[in-house]
Amino acid sequence: MADTTAKREPATVETDELTQKVKRAKTDSENGRGEVGDEFETDVLSGFQTSAVLSDSAREKTIFIRGKLADEDAVVILEKTPIREDTLAELFTGSRLKLEMRNDIYSTYRLQPPPHLNEIKTTVVCPATEKHVKKYQRQESFLVEETGEDYKTITLPYIQKQSFSVQWVHNILEKKAEADRIVFEDPDKEVGFVLLPDFKWDQKQADDLYLIAITHQRNIKSLRDLTSDHLRLLQNIFQKGKEAILQRYNLPASKLRVYLHYQPSYYHLHVHFTKLGYEAPGCGVERAHFLADVIQNLQADPQYYKTRTLYFPLRADDGLLSKFKEAGRL
Ligand code: M7G
């Protein structure tokens, strides 16, 4: 099985080099080995017209906006990024400080950093479908109880008609997009996968590390499709994914949360690798299933995920929720 780890590093790298390594990974993509380095300037958002704020969070420092981009529906996500320790010296020497108030031993300021230390991570979905708008809109959620039979009669027919396109996944597998962001690939058709940074992670610091492993097999929609026939695939992703993350980012398995979502947004099997301690969106018990547990459950019962009742949250305006209501299951 070919090992195409993009940049192999000895597993003995010191922990304090971690930040440097993450930075180096980022620089690789800036140096033209990435598809679009961040030296590639664009004014693509200058014509963006906001129509509604879908949700925002002062704590998370994010805002999800709906609007128009060249007459197309678009969703723009803005997120202030964490302050990195390795930029502190420059932040203190290169910023302008404006005093707001001083009282006894206390003083507050507005600090204006140099532009390159003041970036906002920006994600654009364009054209955005109504389903994207709903995904990012703040909504009340309801916990649904799905038996194996419910999956066949309610969920499966719905997702066959209504789910998000997985074109972006095929682009990754076919190296038509994000090719130079790939951290590791096992090209085997049966048990192979591509491991790369999730687009929620800006790769500037390991504190919010987030990668996804996407299977080369295209016919596994979600957890529900898994049987003991897939154990080799799952074990391969678990083992090689952890090894690749150790080598690239020097993060051991004991620092990782490795899981699948049920329901996922995209019905092509993929596994989430996030840093333990980082509250990644969707890492709660109502949606995340530890890969280690999935493997053990399938070892104990080959049909575990075909037969078990699974629980997951659905948002108030999710069409699948209406289907569960119509079927009298809620
Ligand atoms: P999911 O469990 O299907 O849905 O995970 P979720 O988005 O509700 O969590 C899909 C994962 O793929 C998410 O973590 C997304 O942030 C990530 N993702 C989605 N898209 C469209 C892309 C993309 O184009 N590139 C990359 N690298 N990651 C993506």
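Here, every reference points to the structure presented above.
The text that follows walks through the structure, step by step, so that each part is easy to find. (Residues numbered from 1 in each chain as written. Predicted model: local features only at pLDDT ≥ 70, side-chain atom pairs only at ≥ 80, totals over all residues. Heavy atoms only, no water.)

### What to know about the packing of helix H6 (residues 231-249) against helix H7 (residues 291-300)
Describing two packed helices takes the angle between their axes plus the distance from one axis to the other.
Part 1: Contact geometry of H6 with H7 gives a least axis separation of 10 Å together with a crossing angle of 155°. Taken together, H6 and H7 sit at an angle that is classed as roughly antiparallel. Regarding H6 and H7, the two cross each other, and that crossing is left-handed. Of the residues in H7, those in contact with Leu-231, Leu-234, Gln-235, Ile-237 and Phe-238 of H6 are Leu-291, Ala-292, Val-294, Ile-295, Leu-298 and Gln-299.
Part 2: A per-class count over the contact of H6 with H7 returns 9 nonpolar, 2 polar and no charged. (Axes fitted to C-alpha atoms, helices over the stretch in contact; angles between N-to-C directions. Helix = DSSP H or I, 4+ residues; strand = E, 2+ residues; numbered from the N terminus. Parallel < 35°, antiparallel > 145°, perpendicular 65-115°, else oblique. Left-handed = near helix turned anticlockwise from the far one by under 90°. Contact = heavy atoms within 4.5 Å. Nonpolar A, V, L, I, M, F, W, Y, C, P; charged D, E, K, R; others polar.)

### Topic: the sheet that holds strand S9 (residues 193-197)
Part 1: Pairing is antiparallel across the open sheet formed by 6 strands, whose spatial order is S8-S9-S10-S12-S11-S13. The open sheet has two edge strands, strand S8 (184-186) and strand S13 (288-290), and neither has a second partner. When the angles between neighbouring strand axes are averaged without regard to direction, this sheet yields 25°.
Part 2: Pairing geometry for strand S11 (residues 256-261) and strand S12 (residues 270-275), over 4 bridges, is antiparallel. The partner of Arg-257 across the bridge, within S12, is Thr-274.
Part 3: H6 rests against S8, S9, strand S10 (210-215), S11 and S12 of the sheet, and its axis sits at about 40° to S9.
Part 4: On the sheet, H7 packs against S11, S12 and S13 and is oriented at approximately 65° with respect to S13. (Pairing = 2+ DSSP bridges.)

### Quick look at the nonpolar core
Part 1: Counting 62 residues, the largest nonpolar core has Leu-195, Leu-211, Leu-226, Ile-245, Phe-273 and Leu-291 as the members making the most contacts within it.
Part 2: Counting residues per element, this core draws most heavily on H6, at 8 residues.
Part 3: Leaving out residues up to four positions away in the same chain, Leu-291 has contacts with Leu-234, Ile-237, Phe-238, Val-258, Tyr-259, Leu-260 and Val-271.
Part 4: By size, the runner-up hydrophobic cluster in this structure holds 8 residues, among which are Phe-64, Val-75, Val-125 and Tyr-136. (Core = buried A, V, L, I, M, F, W, Y, C linked by side-chain atoms within 4.5 Å. Buried < 20%, exposed > 50% of the residue type's maximum accessible area, 1.4 Å probe, protein only.)

### Remarks on the sheet that holds strand S3 (residues 72-80)
Part 1: Strand order in this open sheet of 4 strands is S1-S2-S3-S6, and the pairing throughout is antiparallel. The open sheet terminates on both sides in strands that have one partner only, identified here as strand S1 (49-57) and strand S6 (120-125). Strand-to-strand twist of the sheet, defined as the mean angle between neighbouring strand axes without regard to direction, takes the value 20°.

### Some thoughts on the site of the ligand
Part 1: Residues in close proximity to the ligand total 17 residues, the closest being Lys-135, Glu-178, Asp-198, His-261 and Ser-265.
Part 2: Measuring from an oxygen atom of the ligand, one finds a side-chain N or O atom of His-261 at 2.5 Å.
Part 3: One nitrogen or oxygen atom from the side chain of His-270 is found 3.0 Å from an oxygen atom belonging to the ligand.
Part 4: Notes on the ligand: free accessible area 600 Å², of which the protein chains cover 92%.
Part 5: For the shell around the ligand, the per-class residue count stands at 7 nonpolar, 4 polar and 6 charged. (Near = heavy atom within 4 Å. Polar contact = N/O pair within 3.5 Å; in protein donor to acceptor, adjacent residues only side chain to side chain. Areas by Shrake-Rupley, 256 points an atom, 1.4 Å probe, with all protein chains shown as cover.)

### A word on a nonpolar patch on the surface
Part 1: On the surface, a nonpolar cluster with roughly 700 Å² of combined accessible area is contributed by Ile-83, Leu-88, Phe-92, Leu-97, Leu-99, Tyr-109 and Leu-111.
Part 2: Contributing elements (two or more residues each) for the nonpolar patch: helix H2 (88-94), strand S4 (96-103) and strand S5 (106-112).
Part 3: Residue classification places Leu-99 among the partly exposed positions, given a relative accessible area of 42%. (Patch = residues over 30% accessible without salt bridge, like charges linked within 9 Å, V, L, I, M, F, W, Y side chains within 5 Å. Salt bridge = Lys/Arg side-chain N within 4 Å of Asp/Glu carboxyl O.)

### Digging into H6
Part 1: Over its 19 residues, H6 runs 26 Å from end to end, which matches the ideal 27 Å to within 8%, given 1.5 Å per residue.
Part 2: Within two residues after H6, Asn-250 carries a phi angle of roughly 60°, on the positive side. (Expected span 1.5 Å × (residues − 1).)

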